[in-house]
Amino acid sequence: ITADQKLRVVEALMQQGPVVAVTGDGVNDAPALKHAHVGVSMGMMGTDVAREAADVVLLDDNFASIVNAIEEGRTVFENIRKFLTYILAHNVPELVPYLAFSLFAIPLPLTPIQILSIDMGTDSLTALGLGVEAPDPQVMRRRPRPPGARLFDRAVAVRAYLVLGAIEAVAAMAAFLFVLYGSGWVYGQTLASDDPLYLHATTACLSAIIVMQIVNVFLCRSATRSAWATGVRGNRLILWGVVLEVVLILAIDYTALGNTIFGTAPISWRVWLFMLPFAVALLGIEELRKWCGRLSGHEARDKPRN
């Protein structure tokens, strides 16, 4: 067929609404390659004109490379969302202590230097690990996302802020108040920044956030698959990131240098045990959310179309 006929076919398909990709290697393919949403030219057998008109050039002339590229593109999109969810989640337990300090007569639960220890220290390597996650086994079985889909949408915001972040904030504030009230503190009582009770309490708040983020990184490996399905293996960067988190929080809590720099003090084993139910709750609530999402997804796929 002629170049004009190929172009008319592409235009007719585009008028129907779907995203249209065109493959070609000859001069007469150039108008269709240029006009389509995605033009794919052969790199070995294709003409110079076809390669210049195309958006993508297959260096090996293998159509299977298109499938691999789509899988890679979907994986990159999802990994950025995982990274965003993980990073945004810990912003909530970092913000809530300052809101609580402003609204209630309590000491400041988290100091600026401790926030930096989370953002630039403990969470750095695990966040990078989420950005290089392997493709989901089901990634090519899903429907294509809408062309206008955003990286940061309502689903990501709700999950990060209202589910993961909210539970982490509750755990952090609970650990802080647990140490205060457990040592005889009275509501409204002011504490100096170097008061041992205050140092123990703020250390508990910081440590609770780190514990919750260790659980959270495994939950963020997939927005739909269970943490039991993704497991703890398969991503060495995340595992090394978790090791780094543990080493850093222990150094911050139990070394003289860490105590001096970050304004912390050693906390007892009772405080660590106090955090465990919140970590289990984070795991259970997120697993329930994923299960409901998978259930609704199956129902949507099974629903007959008109």
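Here, every reference points to the structure presented above.
This write-up is about the structure you can find in this document.

Remark: helix 6 (residues 112-122) packs on helix 11 (residues 236-254), axes separated minimally by 11 Å, with the N-to-C direction vectors making an angle of 150°. Classed by the angle they form, the pair helix 6 and helix 11 counts as roughly antiparallel. Pair helix 6 / helix 11 crosses with right-handed handedness. Taken together, the residues of helix 11 that come into contact with helix 6 (itself represented by Ser117, Gly121 and Thr122) are Gly241, Leu244, Glu245, Leu248 and Ile252. Here the contact of helix 6 with helix 11 is composed, by residue class, of three nonpolar, four polar and one charged.

Another aspect to go through is the nonpolar core. Formed by 52 residues in total, the largest nonpolar core has its most connected members in Leu180, Met212 and Val217. Of all elements in the fold, only helix 4 (64-89), helix 6, helix 7 (124-130), helix 8 (154-182), helix 9 (196-219), helix 11 and helix 13 (269-302) reach the threshold of two or more residues within this core. Setting aside residues no more than four positions away along its own chain, Val217 makes contact with Tyr86, Thr126, Leu130, Ile238 and Val242. By size, the runner-up hydrophobic cluster in this structure holds nine residues, among which are Val20, Ala32, Leu33 and Ala50.

It is worth spelling out the pairing of strand 2 (residues 38-42) at this point. Burial of strand 2 is extensive: four of the five residues sit out of reach of the surface. Sheet topology note: the strand 1 (residues 21-24)/strand 2 ladder contains four bridges and is parallel. Of the residues in strand 2, the one forming a bridge with Gly24 is Ser41. On the question of chirality, the crossover connecting strand 1 to the parallel strand 2 by way of helix 2 (residues 30-35) is right-handed. In this structure, strand 2 lies alongside strand 3 (residues 56-58), joined through three bridges in parallel fashion. If you follow Ser41 over to strand 3, its bridge partner there is Val57. Of the crossover connections in this fold, the one passing from strand 2 over helix 3 (residues 48-53) to the parallel strand 3 is right-handed.

On to unusual backbone geometry, then. Its identity as a non-glycine residue notwithstanding, Asp61 has a phi of 55°, on the positive side. Locating Asp61 in the fold gives a position in the loop between strand 3 and helix 4.

Because an α-helix packs 3.6 residues into every turn, residues spaced three or four apart end up facing the same way. Along helix 6, the residues classified as buried are Gln114, Ile115, Ser117, Ile118, Gly121 and Thr122. Elements in contact with the buried residues of helix 6: helix 5 (91-103), helix 7, helix 9, helix 11 and helix 12 (256-262).

Here the focus is a nonpolar patch on the surface. Residues Val76, Ile80, Leu151, Phe152, Val158, Tyr161 and Leu162 make up a contiguous nonpolar surface patch of roughly 580 Å² in combined accessible area. Elements supplying a minimum of two residues to the nonpolar patch: helix 4 and helix 8. At three residues, helix 8 tops the list of elements feeding residues into the nonpolar patch. Relative to the assigned elements, Val158 resides in helix 8.

Each value, and the rule that gives it
- Residues numbered from 1 in each chain as written.
- Predicted model: local features only at pLDDT ≥ 70, side-chain atom pairs only at ≥ 80, totals over all residues.
- Heavy atoms only, no water.
- Axes fitted to C-alpha atoms, helices over the stretch in contact; angles between N-to-C directions.
- Helix = DSSP H or I, 4+ residues; strand = E, 2+ residues; numbered from the N terminus.
- Parallel < 35°, antiparallel > 145°, perpendicular 65-115°, else oblique.
- Left-handed = near helix turned anticlockwise from the far one by under 90°.
- Contact = heavy atoms within 4.5 Å.
- Nonpolar A, V, L, I, M, F, W, Y, C, P; charged D, E, K, R; others polar.
- Core = buried A, V, L, I, M, F, W, Y, C linked by side-chain atoms within 4.5 Å.
- Buried < 20%, exposed > 50% of the residue type's maximum accessible area, 1.4 Å probe, protein only.
- Pairing = 2+ DSSP bridges.
- Right-handed = clockwise from strand over helix to strand, strands pointing away.
- Patch = residues over 30% accessible without salt bridge, like charges linked within 9 Å, V, L, I, M, F, W, Y side chains within 5 Å.
- Areas by Shrake-Rupley, 256 points an atom, 1.4 Å probe, with all protein chains shown as cover.
- Salt bridge = Lys/Arg side-chain N within 4 Å of Asp/Glu carboxyl O.

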